[in-house]
Amino acid sequence: MKRHEIQYREYPHHQDLNGEDGILLTKAKEALSRSYAPYSKFQVGAAALLANGQIVTGFNIENAAYPVCLCAEQTTMSAIRTQHPGVGIEAIAISVKSAHHLVDQPATPCGKCRQLLSEQERVNQKHIRLILQGEEGPIWIFESVNDLLPFSFTSEFL
Ligand code: THU
(Lines give C-alpha, C1' and ligand atoms only; values in the text may rest on other atoms or scores of the structure.)
Protein backbone atom coordinates (compact mmCIF):
# COMPACT_ATOMS: atom_id res chain seq x y z
CA MET A 1 0.00 0.00 0.00
CA LYS A 2 1.30 3.47 -0.88
CA ARG A 3 0.50 6.48 1.24
CA HIS A 4 0.33 10.15 0.46
CA GLU A 5 0.69 12.66 3.25
CA ILE A 6 -0.01 16.37 3.27
CA GLN A 7 1.10 18.99 5.72
CA TYR A 8 -0.59 22.23 6.62
CA ARG A 9 -0.42 24.69 9.45
CA GLU A 10 -3.30 25.69 11.68
CA TYR A 11 -3.37 29.02 13.51
CA PRO A 12 -6.11 29.75 16.03
CA HIS A 13 -6.34 33.50 15.43
CA HIS A 14 -5.83 36.12 12.74
CA GLN A 15 -3.23 37.87 14.89
CA ASP A 16 -1.08 34.69 14.90
CA LEU A 17 -0.35 35.17 11.17
CA ASN A 18 2.69 37.00 9.85
CA GLY A 19 1.97 40.56 8.69
CA GLU A 20 1.77 39.74 4.98
CA ASP A 21 -0.65 36.83 5.40
CA GLY A 22 -2.73 38.82 7.90
CA ILE A 23 -3.16 41.69 5.42
CA LEU A 24 -4.08 39.26 2.65
CA LEU A 25 -6.75 37.60 4.79
CA THR A 26 -8.21 40.99 5.73
CA LYS A 27 -8.38 41.90 2.01
CA ALA A 28 -10.13 38.59 1.23
CA LYS A 29 -12.74 39.36 3.90
CA GLU A 30 -13.26 42.86 2.48
CA ALA A 31 -13.62 41.38 -1.00
CA LEU A 32 -16.33 38.92 0.00
CA SER A 33 -18.58 41.78 1.08
CA ARG A 34 -18.63 42.83 -2.61
CA SER A 35 -19.61 39.37 -3.87
CA TYR A 36 -22.84 38.79 -5.78
CA ALA A 37 -24.37 35.71 -4.21
CA PRO A 38 -28.15 36.25 -4.02
CA TYR A 39 -28.92 32.56 -4.65
CA SER A 40 -26.63 30.63 -2.32
CA LYS A 41 -26.12 33.56 0.07
CA PHE A 42 -22.63 32.10 0.44
CA GLN A 43 -20.08 34.83 -0.12
CA VAL A 44 -16.50 34.01 -1.02
CA GLY A 45 -13.64 36.50 -1.22
CA ALA A 46 -10.08 36.01 -2.38
CA ALA A 47 -6.98 38.20 -2.26
CA ALA A 48 -3.79 37.30 -4.09
CA LEU A 49 -0.33 38.69 -3.44
CA LEU A 50 1.61 38.97 -6.69
CA ALA A 51 5.35 38.67 -7.15
CA ASN A 52 5.49 42.43 -7.83
CA GLY A 53 3.91 43.17 -4.43
CA GLN A 54 0.49 44.11 -5.76
CA ILE A 55 -2.66 42.61 -4.26
CA VAL A 56 -5.51 41.53 -6.53
CA THR A 57 -8.92 40.63 -5.11
CA GLY A 58 -11.97 38.80 -6.42
CA PHE A 59 -15.27 37.32 -5.26
CA ASN A 60 -17.96 34.92 -6.42
CA ILE A 61 -20.46 36.16 -8.97
CA GLU A 62 -23.65 34.12 -9.23
CA ASN A 63 -26.27 33.96 -11.93
CA ALA A 64 -29.96 32.95 -12.19
CA ALA A 65 -28.70 30.24 -14.55
CA TYR A 66 -26.86 28.46 -11.75
CA PRO A 67 -24.09 26.73 -13.75
CA VAL A 68 -22.95 30.16 -14.95
CA CYS A 69 -21.82 31.08 -11.40
CA LEU A 70 -18.19 32.15 -11.10
CA CYS A 71 -16.13 31.19 -8.07
CA ALA A 72 -14.06 33.80 -6.23
CA GLU A 73 -10.86 32.00 -7.22
CA GLN A 74 -11.90 32.17 -10.89
CA THR A 75 -12.63 35.90 -10.90
CA THR A 76 -9.39 36.56 -9.03
CA MET A 77 -7.32 34.45 -11.41
CA SER A 78 -8.98 36.08 -14.36
CA ALA A 79 -8.17 39.57 -13.02
CA ILE A 80 -4.56 38.53 -12.41
CA ARG A 81 -4.00 36.98 -15.83
CA THR A 82 -5.71 39.81 -17.71
CA GLN A 83 -4.54 42.82 -15.69
CA HIS A 84 -1.07 41.57 -14.68
CA PRO A 85 0.01 39.21 -17.45
CA GLY A 86 3.11 37.18 -16.71
CA VAL A 87 3.29 38.16 -13.04
CA GLY A 88 3.60 35.26 -10.59
CA ILE A 89 1.41 34.64 -7.55
CA GLU A 90 2.99 34.29 -4.11
CA ALA A 91 -0.07 33.59 -2.00
CA ILE A 92 -3.87 33.64 -2.04
CA ALA A 93 -6.13 34.15 0.97
CA ILE A 94 -9.72 32.91 0.75
CA SER A 95 -12.50 33.58 3.20
CA VAL A 96 -16.23 32.86 3.21
CA LYS A 97 -19.43 33.97 4.90
CA SER A 98 -22.90 32.43 4.82
CA ALA A 99 -26.20 34.18 5.53
CA HIS A 100 -27.57 30.82 6.75
CA HIS A 101 -25.06 29.75 9.39
CA LEU A 102 -21.79 30.69 10.98
CA VAL A 103 -18.91 29.16 9.01
CA ASP A 104 -16.33 28.45 11.70
CA GLN A 105 -14.05 26.17 9.66
CA PRO A 106 -12.03 27.10 6.56
CA ALA A 107 -13.84 26.35 3.28
CA THR A 108 -11.36 24.75 0.90
CA PRO A 109 -11.50 25.62 -2.83
CA CYS A 110 -13.74 23.46 -5.04
CA GLY A 111 -12.20 20.90 -7.38
CA LYS A 112 -12.39 23.15 -10.44
CA CYS A 113 -10.64 25.99 -8.63
CA ARG A 114 -7.94 23.65 -7.32
CA GLN A 115 -7.28 22.61 -10.92
CA LEU A 116 -7.20 26.24 -12.04
CA LEU A 117 -4.79 27.26 -9.28
CA SER A 118 -2.70 24.14 -9.76
CA GLU A 119 -1.93 24.98 -13.40
CA GLN A 120 -1.06 28.54 -12.40
CA GLU A 121 1.38 27.14 -9.87
CA ARG A 122 3.08 25.10 -12.60
CA VAL A 123 3.25 28.16 -14.87
CA ASN A 124 4.68 30.15 -11.95
CA GLN A 125 7.26 27.45 -11.24
CA LYS A 126 6.81 28.48 -7.63
CA HIS A 127 4.46 27.28 -4.92
CA ILE A 128 1.39 29.38 -4.20
CA ARG A 129 0.65 29.60 -0.47
CA LEU A 130 -3.04 29.23 0.43
CA ILE A 131 -4.43 30.98 3.51
CA LEU A 132 -7.95 29.82 4.35
CA GLN A 133 -10.43 30.89 6.99
CA GLY A 134 -14.21 30.68 7.44
CA GLU A 135 -16.05 33.68 8.80
CA GLU A 136 -14.18 32.94 12.01
CA GLY A 137 -12.35 30.02 13.57
CA PRO A 138 -8.97 28.51 12.72
CA ILE A 139 -6.81 29.52 9.78
CA TRP A 140 -5.24 26.82 7.63
CA ILE A 141 -2.13 27.49 5.58
CA PHE A 142 -1.10 25.18 2.76
CA GLU A 143 2.33 25.89 1.25
CA SER A 144 1.29 24.65 -2.17
CA VAL A 145 -1.89 24.18 -4.21
CA ASN A 146 -0.56 20.70 -4.93
CA ASP A 147 -1.15 19.79 -1.30
CA LEU A 148 -4.87 20.20 -1.97
CA LEU A 149 -4.77 18.57 -5.39
CA PRO A 150 -2.23 15.78 -5.49
CA PHE A 151 -2.11 13.69 -8.68
CA SER A 152 -3.56 16.61 -10.65
CA PHE A 153 -4.17 16.47 -14.38
CA THR A 154 -1.44 18.40 -16.21
CA SER A 155 -0.46 19.28 -19.75
CA GLU A 156 2.09 16.46 -19.61
CA PHE A 157 -0.73 14.00 -20.21
CA LEU A 158 -1.74 15.67 -23.48
N1 THU B 1 -17.67 29.13 -4.45
C2 THU B 1 -16.49 29.80 -4.63
O3 THU B 1 -16.50 31.02 -4.89
N4 THU B 1 -15.34 29.10 -4.53
C5 THU B 1 -15.26 27.77 -4.29
O6 THU B 1 -14.17 27.20 -4.32
C7 THU B 1 -16.47 27.02 -3.94
C8 THU B 1 -17.76 27.71 -4.15
C9 THU B 1 -18.93 29.87 -4.60
C10 THU B 1 -19.73 29.48 -5.80
C11 THU B 1 -21.14 29.85 -5.38
O12 THU B 1 -21.36 31.22 -5.69
C13 THU B 1 -21.12 29.69 -3.86
O14 THU B 1 -19.76 29.64 -3.47
C15 THU B 1 -21.83 28.45 -3.36
O16 THU B 1 -21.35 27.32 -4.00
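As the structure is a prediction and not an experimental result, all values here were calculated from the model.

A.B. asks: Tell me about the site of the ligand, and please be specific about residues and values.
C.D. replies: Taken together, Ser-40, Phe-42, Val-44, Asn-60, Glu-62, Cys-71, Ala-72, Glu-73, Pro-109 and Cys-110 make up the full set of residues adjacent to the ligand. In the environment of the ligand, an oxygen atom lies 2.5 Å from a nitrogen or oxygen atom belonging to the side chain of Glu-62. A distance of 2.8 Å separates an oxygen atom of the ligand from a polar atom in the backbone of Cys-110. Its free accessible area being 370 Å², the ligand has 77% of it covered by the protein chains. Split into classes, the residues belonging to the shell around the ligand amount to 6 nonpolar, 2 polar and 2 charged.

A.B. asks: Please give an account of unusual backbone geometry that cites residues and values.
C.D. replies: Within the chain, Lys-41 stands out as a residue other than glycine whose phi angle is a positive 55°. One can find Lys-41 in the loop between helix 1 (19–32) and strand 2 (42–50). One non-glycine residue, Gln-125, adopts positive backbone phi at about 55°. Turning to its location among the elements, Gln-125 is positioned in the loop between helix 3 (111–124) and strand 5 (129–133).

A.B. asks: Go over the pairing of strand 2 with me, naming the residues and quoting the values.
C.D. replies: Of all the 9 residues making up strand 2, 7 are buried; the element is thus mostly covered by neighbouring parts of the structure. The pairing of strand 2 with strand 4 (residues 89–98) spans 9 bridges and is antiparallel. Bridging across to strand 4, Ala-46 finds its partner in Ile-94. Pairing analysis gives 5 bridges linking strand 2 to strand 3 (residues 55–59), with the strands arranged antiparallel. Residue pairing in the sheet places Ala-47 in a bridge with Thr-57 of strand 3. If you look at the hairpin formed by strand 2 and strand 3, you'll find 4 residues sitting between the two strands, and Gly-53 has a positive phi there, around 90°.

A.B. asks: Tell me about helix 2 (residues 72–83), and name the residues and values.
C.D. replies: With 12 residues, helix 2 should cover 16 Å at 1.5 Å per step; its first-to-last C-alpha distance of 16 Å lies within 8% of that length. Here helix 2 has its buried residues at Ala-72, Glu-73, Gln-74, Thr-75, Thr-76, Met-77 and Ile-80.

A.B. asks: How would you sum up the pattern of salt bridges? Please name residues and give values.
C.D. replies: Summed over all chains, the structure comprises 5 salt bridges. Across the pair Arg-129 and Glu-20 runs a salt bridge, and its minimum N-O distance is 3.6 Å. Placement of Arg-129 in strand 5 and of Glu-20 in helix 1 is noted, with a sequence separation of 109 residues between them. For Glu-20, a relative accessible area of 45% corresponds to the partly exposed category. Here Arg-129 makes a salt bridge to Asp-21, at a shortest N to O gap of 2.6 Å. Residue Arg-129 is found in strand 5, and its partner Asp-21 is found in helix 1; the two are separated by 108 residues along the sequence. Given the relative accessible area of 16%, Arg-129 is considered buried. Accessibility expressed as a relative area gives 3% for Asp-21, which makes it buried. One salt-bridge network, held together by shared partners, links Glu-20, Asp-21 and Arg-129.

A.B. asks: Give me the nonpolar core: which residues, what numbers.
C.D. replies: Nonpolar side chains tend toward joint burial in soluble globular proteins. Ranked by size, the top nonpolar core spans 21 residues in total, and within it Ile-80, Ile-89, Ile-92, Ile-94, Leu-117, Leu-130 and Phe-142 carry the most contacts. Setting aside residues no more than four positions away along its own chain, Leu-130 makes contact with Ile-92, Leu-117, Trp-140, Ile-141, Phe-142, Val-145 and Leu-148. Among the nonpolar cores identified, the runner-up in size contains 11 residues, and Leu-17, Leu-25, Leu-49 and Ile-131 belong to it.

Conventions we followed
Residues numbered from 1 in each chain as written. Predicted model: local features only at pLDDT ≥ 70, side-chain atom pairs only at ≥ 80, totals over all residues. Heavy atoms only, no water. Near = heavy atom within 4 Å. Polar contact = N/O pair within 3.5 Å; in protein donor to acceptor, adjacent residues only side chain to side chain. Areas by Shrake-Rupley, 256 points an atom, 1.4 Å probe, with all protein chains shown as cover. Nonpolar A, V, L, I, M, F, W, Y, C, P; charged D, E, K, R; others polar. Helix = DSSP H or I, 4+ residues; strand = E, 2+ residues; numbered from the N terminus. Buried < 20%, exposed > 50% of the residue type's maximum accessible area, 1.4 Å probe, protein only. Pairing = 2+ DSSP bridges. Expected span 1.5 Å × (residues − 1). Salt bridge = Lys/Arg side-chain N within 4 Å of Asp/Glu carboxyl O. Core = buried A, V, L, I, M, F, W, Y, C linked by side-chain atoms within 4.5 Å. Contact = heavy atoms within 4.5 Å.

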